[in-house]
Every structure is written in structure tokens, then in C-alpha cells.
Amino acid sequence: MVSLSELIAAAAILVSVYIVREWFLSQRDVHPLYLEEQSSIEPTRLPDESAIYRSNKLDLPDKLRIGLDIRYDHYKLRNGNLHDVWAIYANTNGGNGKLSINDKTLSVGALNYRVTKVSQALKLRRVSEVVIPFKTYQKLGFPLLAVILGAFVLSITVHIVSGDANIEEEDGILKLMLVSLVEQFVTLAFGGPLEPSNELNEFPNAYDPADDKGAFLKVSIKKLVFQTTVEYQVINAISAIAATLKHLPFNHELSNKDKLVIVQDTDAESMESVGNEIVKLLCGLTAACGEVAIVNDDVCDPLELKPTVMVLPQTYYLTLALTNGAIIPGGSSWLLTLRENLLSRGIMVTYGSKFAPLRLIYVHKPMGYGMHPLIEDSNQARSLFQSRIVVEHTWLTILGPVLATDFFDYRVLPVHVRSYGALSQSLEFKLVNVNDKMEGTIKTRGFTIGKLTNKKNGMVQQNSQTGGSDGFMPIPLPSKFGKDGVLYVL
Amino acid sequence: MISLNTALIILVFLFFIKSMVGVATTENPLEQAESDPLVIEGKFTPKTLARYNGIDNPRIFIAVKKRVFDVTQGATFYGPGGPYENFAGRDASRGLALNSFELSCLTSIDEPIDTLTGLTKEELESLDSWEQHFDNKYKVVGTLHENNADSSEVVPPPQPQSKKDA
């Protein structure tokens, strides 16, 4: 016979456990329904096609993200340009912003002085294009960074070339970059030692509509007789920046409290990373991050820089995760396992992180490549670094991410795919040639798509990725939209 | 012997462990829905259009000058209880031209499509401005054809509702 006191005790325990369980579930970052609807879908579709999908984070459901909405003349809004981006960084933070490359640091004022000098020299010499060999770009230093930014603020095209570029490689960086037209004008800016002795804490930003137009970046890949060139316009950059910044939820956006560390992809073949790295750099400038750092040598450990936000190529991410204790399958310690289990229920534990103040890791992965298990289920790395992870999937002809996993997406999916993620806010998508399972190939259109040119022996070839009459560009990857509005590349 | 109380505690504890420990896998998002709930863009007849009235189907379509607009976004106006609810799922051309919401301005769905005869120049201009308004605001999802049009050309019957429709 059970006594009354025993029953009361049992009931009390039951209630306590229920309360504790509910408290745990109340700690979820977002309600599960948030992740079950990540796109807005057109109500109709054409035969053999899916409906058009767009991000559901847009201000208006049918208006793609196009610009930074910079206010001018009191009430007008404009999309912005790269001149604005540098002006934002140079003129905010009271000149206290910093930029670092590996172990060298310059104040924003010191770099602004050099950017201004370089841009003046570029303008004086009427340079129309700055050509940089890919290998040189991969070892980006301050002189080259100043030249790139100097070109950006003038809307001069920066052209990054792999393979056999017709550029003489002499005297290292300074000579290389500037190419055919160039004399030694960079010495104007870098004549002396690279010390922060000369600073300029103001960057005038008079709006010129001409800065909104033109190609700001070209990427050329040469292999044997074939050359592929992708040309990105200023509007592509501005849209990619806006879409990337707005992908982060309110209260988790990049800000002047952040230290953004971008690890350059040093893979000799990885031209796709160029656009993504430049967009992240520009995002850091636009958000006026307290410090923007670039790491491109083996000596500098990005974690030792104490970043709040890191941008990593997938290979580096895997190395970093594995060397810091992420093991596949299963966790290495009960604490890691517990955090991982809670993550799968939407609860992120950030207390007691040994990697603090790290809060966000961007992982860059080309869309067509297979997914590594540690990327596919990033919860182990999330629980290891106690940081959110956004996996961005890119395509060469599109600037910035095409798909990006949601900031709060810790779901463990019972599917294995090549890529998946929420849609870029600057692009809209549909699938064509769909079968009865609604699987088809991707078509996309929007504001971050560059212009592709293929050449063979110097002759321009017909472009298979040209958009049709409806302006949609094909991405020849078999895919399917999930019930959650996420695009899965099969 | 274990008392009932102890057994209960153990059971509750196990339930808690089971519900909070172990990786929780999400439902497969790629599982096929029962059917695709989206309307295929195409040709409507007065009868097939009538289903899209916000009641029989959550979407609201109306026809203006033989073009069918998806006005679901404006459900406050065109949906049930709205001032223009009579137009939902119907050819609203004459009503818009006359600026009248009365049922008498609508042609029965069994009858041929209204040819708009008898409207004055001002009324036709009014209709044009309504059409322009719809063009600017709503998406065209198809065209309106007579009930006796080739059955292969008309929109298929409505599909079961998805969760998004709810």
C-alpha cells in the first residue's frame, strides 16, 4: 500500500522534472517552426517547373535585397557603392578601427592615408584595370590591400588571374599588381617603411552616381587553351554585402564590437573563394567592425587572434575542427556530447567557452562539391567552439553565398546531400525539368550574378550559362526544395 | 524490495533522460508531400476560377478583362468578410467598371464570359485604371476562357491544401 506522503513526493518529483524539462526547452534559440519555413513561395508554377522561391527574410516578400539603403539628400535612399563602403569604415569608430594581416596591424587612419594616395595615383595615371595574379592575391599584404581598396573606391576593376597571366613578376607585389599601365606609382604611397606614421582620419564621401556602375572585380581562370572570366558589377557587390549582413538575425549582426578574421583560401585551385573573401572583407568594413583581420600564412593561428567572427574555407575549417578535438563519429567527452545533444534540440550553450569571444564561424564551400560529414552536421564543431556556424555554398558566377544555412539551424537532418541552405536574399530560385518527385535543376536570377565569358584559344565561346528570356541563369545541379523551404543539392 | 515511490522516481528520471539526452533527428524535409499544392499557371474558366474564393481554397483569384490575378495578399479586401468579397473567384470586370460591388454586376459562372457591352467610355476607362492597379500590385496567374474551352487547356482541379495554406 502506497502512503499519501509517498504519492505527494512522487507527484512533486514529477512536477519538478516537468518544470526542469520545460525550462530546458524554453532555452531554445528559436521555435522549431522558425526552421520549418525558410522561404516564401509563389502561389503558382509553370508546368515542369517548381514555383519561384525567395528568402522569407526580405522586407517585402517579392522584393529581393539589392542595396544598403544609404540615405542622402535627407530623404532619398540609394543602394550604395564601394566608395561608400570604405567611407563608412574610414569615418566611423572615431578612427579607432584596425586592419590586420597576419601579425601586422594598421590603424584605419594609416590605411586610409595609403588608400587615398593610391586612388589618387590610379586616377592620375588613368588606370582602368588592376591585374593581380592569383598567387599574389593569396598572399595579400597591406600594399596590395591598399591598391585593391584604392581601386574599389574609384570603381576601377580589380582583375585576379590564375594560370599563365601575361604579367611580369618582378620585385614582388608592388610591381606585379599594376600591370601594363603602371609605373611605380605605388611607391607614392609606400615609399617609406610601412609604419602608421601618416594617418588620415577622414575620407570624404561626395556621392557620384558613376560610382554605382561598372565592373569592380574580374576573376579569370586559365587552363590550357580555355579561359573563363567572370565579371562582377558594383551592384553585385553591394547586393551580396546586404544579403550577407541581413542573413544574420537581429541582435546577432556584425557590429563595431566584432573582430572579424578572414582566413584566405590558399588552395592553388580555389578561385571560387576570391569573391566570397572579398564580400566578407567588404561586409566587415560596411558593418564597421572594430577590427578586420586577414590570415594567409601558416604561422598565424586565427584562434589566437581572439576573433568574434571567423570566415574559413572548408578545408581550413575541417583542419581546425579536427585538431581542436572534433572527432567523427561521436563526441570525445561527455560535456561535448551533452552540448551536441542540446544543440540538436535547438539549445546553444555558450557559457564557459574556451574559445570566447568567438560567436560565429562562416564556412565557405563550393556548391558542386560533396559535403564532408563534419560540415553536413556541424553540431559537433558548434559544441566544440560553442559558436554558431553558418555554412555558405558558393558558385563561381555568383558573388557571395548562393545558399547559407540559417544562423539558428542546428537541426540534424536524416539526409545526405551535397549542399543545402536557405536562399540568398538577393536571388530567387526555381527548379526546371522537375520529375514527379519535384526534383529538377536549379535556375536563379537576381542581383549577385556576374557575367560569364568563356574563351577557347582567345575566341569567345557560346555561353551555356546565359539566362533565358526570363533572365534565369541555370546552375546544372540536381536539387530539390524541402518542405522547410530550404534548397537541397542532391 | 523497491517501493513504488522509488520505481516512479526511476521511471520519471529515465523519461527525462530519454527526452533530453541523445541526438534529436529532424523529420526528413525531402519527404514527398502528398501532392504539390501549387496551382499550375494556365487557363481558367468561370467554373474553375470560382473555387479560388478564399473559402473553398485559401487562395483568392479574380479575373479582370480575361486576365486572372492572384489577390490573396489583399485578402482583407477580397477575402471573406471584405468589402470586395463578391469578386473573389469571379470575373470582376463589370463590377469594377461600374464601381459597384453588387452581385448583380457579376455574370453567373454557368453563362458565357461578360463581353462588357453597354459600358460607357468613362466606365471602360475606370476599368482600365483598375486593371492597371491590379497589374502593379498582383501577379497574373492565368487567363479566363469560356466554360466549353478544351478541357486539356484548363487548370486542373484544386489540390489538397498544404500546411502553408492553413
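Thresholds, definitions, all that
- Note that residues are indexed from 1 along each chain, following the sequence as it is written.
- Each chain is given a letter, starting from A, and each ligand a number, starting from 1, according to the order in which they appear as written.
- At least 70 in pLDDT is required for a residue's local features to be given in this predicted model, at least 80 for side-chain atom pairs to be given and counted, and no such filter applies to totals for whole chains, interfaces and linings, which use all residues.
- Note: side-chain values were computed over all heavy atoms of the structure, leaving out hydrogens and water.
- Helix and strand assignments come from DSSP, with helices taken as H or I runs of at least 4 residues and strands as E runs of at least 2, each series counted from the N terminus.
- Burial classes: relative accessible area under 20% of the type maximum marks a residue as buried, over 50% as exposed, and values in between as partly exposed (1.4 Å probe, protein chains only).
- Contacts are assigned to residue pairs with any non-hydrogen atoms lying within 4.5 Å of each other.
- Methods summary: accessible areas were calculated by the Shrake-Rupley approach with a probe of 1.4 Å, and residue burial reflects only the protein chains presented.
- UniProt positions are given in the numbering used here, feature names are shortened, and annotations may be inferred rather than shown by experiment.
- Whenever a helix is involved, its axis is fitted only over the stretch in contact; in every case the axis is a line through C-alpha atoms, and angles between N-to-C directions fall within 0 to 180 degrees.
- Our angle categories are set so that under 35 degrees counts as roughly parallel, over 145 as roughly antiparallel, 65 to 115 as roughly perpendicular, and the remainder as oblique.
- When the near helix sits turned anticlockwise from the far one by under a right angle, the crossing is termed left-handed; a clockwise turn instead gives a right-handed crossing.
- Paired strands, as defined in this entry, are two strands with at least two bridges between them according to DSSP.
- Within this scheme a cavity is a closed region of a 1 Å grid, computed over the protein atoms alone, that accommodates a 1.4 Å probe without allowing it to escape, whereas a pocket is open but has protein on both sides within 12 Å along at least five of seven lines; lining residues each have an atom within 4 Å of a point.
- Grid points are joined across faces, edges and corners, and a volume is the space filled by probe spheres set on the points.
- Charged means Asp, Glu, Lys or Arg here, nonpolar means Ala, Val, Leu, Ile, Met, Phe, Trp, Tyr, Cys or Pro, and polar covers whatever is left, Gly included.
- In predicted models, pLDDT denotes the confidence assigned by the predictor to each residue on a 0 to 100 scale.

Enquirer: Run through the overall build of chain A, naming residues and quoting values.
Expert: Assigned secondary structure in chain A consists of 14 helices and 23 strands. A buried classification covers 56% of the 490 residues belonging to chain A. Across chain A, contacts joining residues at least 24 apart in sequence account for 75% of those joining residues at least 6 apart. As displayed, chain A has an accessible area near 21,000 Å², and 55% of this comes from carbon and sulfur atoms.

Enquirer: Can you lay out the UniProt feature "transmembrane region" (unreviewed entry) in chain A for me, pointing to particular residues and giving the numbers?
Expert: Residues and elements named next belong to chain A. The residues that UniProt annotates with the feature "transmembrane region" (unreviewed entry) are residues 7-25, 140-161 and 316-338. This span, residues 7-25, is 100% helix and 0% strand, and a straight line between its end C-alpha atoms measures 27 Å. Regarding residues 140-161, the helix share stands at 55% and the strand share at 23%, and the terminal C-alpha atoms are separated by 14 Å.

Enquirer: Hey, could you go over the packing of helix α9 (residues 234-247) of chain A against helix α10 (residues 272-286) of chain A for me, with residue numbers and the actual values?
Expert: All names here are of chain A. Relative orientation of the contacting elements α9 and α10 amounts to 70°, with a least axis distance of 9 Å. Looking at the two axes, α9 sits roughly perpendicular to α10. The element α9 and its partner α10 pack so that their crossing is right-handed. Each of A237, A240, I241, T244 and L245 in α9 lies in contact with α10, whose residues at this interface are V279, K280, L282, C283 and T286.

Enquirer: A description of the UniProt feature "domain: Cytochrome b5 heme-binding" (unreviewed entry) in chain B should follow, citing residues and the corresponding values.
Expert: Sequence positions flagged by UniProt for "domain: Cytochrome b5 heme-binding" (unreviewed entry) are, in local numbering, residues 44-145 of chain B. Along residues 44-145 of chain B the backbone is 29% helical and 15% strand, and the end-to-end C-alpha distance reaches 6 Å.

Enquirer: I'd like a rundown of the sheet that holds strand β8 (residues 157-161) of chain A, residues and numbers included.
Expert: Residue and element names in this part refer to chain A. Across the sheet, six strands lie side by side as β7-β8-β9-β10-β20-β21; this open sheet has mixed pairing. Every interior strand has two partners, whereas the edge strands, β7 (129-133) and β21 (459-460), have only one. Examined bridge by bridge, strand β10 (residues 226-233) and strand β20 (residues 451-456) share six bridges and lie antiparallel to one another. Residue pairing in the sheet places E231 in a bridge with K451 of β20. Running over the sheet, α9 touches β9 (215-223) and β10 and is turned about 70° from β10. α10 contacts β8 and β9 of the sheet and is inclined by roughly 155° relative to β9.

Enquirer: Help me get a handle on empty space enclosed by the protein, residues and values and all.
Expert: Residues and elements named next belong to chain A. Across all of its chains, the model carries seven cavities of 30 Å³ or more by this definition. Roughly 120 Å³ of volume is contained in the largest cavity. Lining the largest cavity are 18 residues, and of these A243, T244, P401, S424 and Q425 lie nearest its centre. Elements with a contribution of two residues or more to the lining of the largest cavity: α9, β16 (403-404) and β17 (419-423). When residues of the lining of the largest cavity are assigned to their parent elements, the largest contribution, five residues, is made by α9. Across the lining of the largest cavity, the residue classes tally to nine nonpolar, eight polar and one charged.

Enquirer: Give a description of the confidence of the model for chain A that names residues and reports values.
Expert: Overall, the prediction assigns chain A a mean pLDDT of 85, with 89% of residues at 70 or greater. Low pLDDT, under 50, characterises residues 166-185 of chain A; the stretch is placed with 38 contacts to residues that sit more than four places away or in other chains.

Enquirer: Tell me about the pairing of strand β11 (residues 259-263) of chain A, residues and numbers included.
Expert: Residues and elements named next belong to chain A. Extensive coverage of β11 is indicated by the burial of five of its five residues. Of the two faces of β11, the one carrying K259, V261 and V263 and the one carrying L260 and I262 are both buried. Pairing between β11 and strand β12 (residues 291-295): five bridges, direction parallel. Residue pairing in the sheet places V263 in a bridge with V295 of β12. As paired elements, β11 and strand β13 (residues 309-313) share three bridges and run parallel to each other.

Enquirer: Give me the lowdown on the sheet that holds strand β5 (residues 139-144) of chain B, citing residues and values where you can.
Expert: Residue and element names in this part refer to chain B. Taken in spatial order, the four strands make up an open sheet running β2-β5-β4-β3, and their pairing is mixed. The sheet is open, and its two borders are formed by β2 (42-44) and β3 (61-64), each paired with just one other strand. Averaged over all pairs of adjacent strands, the angle between strand axes in this sheet comes to 40°, irrespective of strand direction. As judged from the four bridges shared by β3 and strand β4 (residues 67-70), these two strands associate in the antiparallel manner. Across the sheet, residue I62 finds its bridge partner in β4, namely F69. Along the sheet, helix α5 (residues 121-137) contacts β3, β4 and β5; its crossing angle with β4, the most-contacted strand, is approximately 45°.

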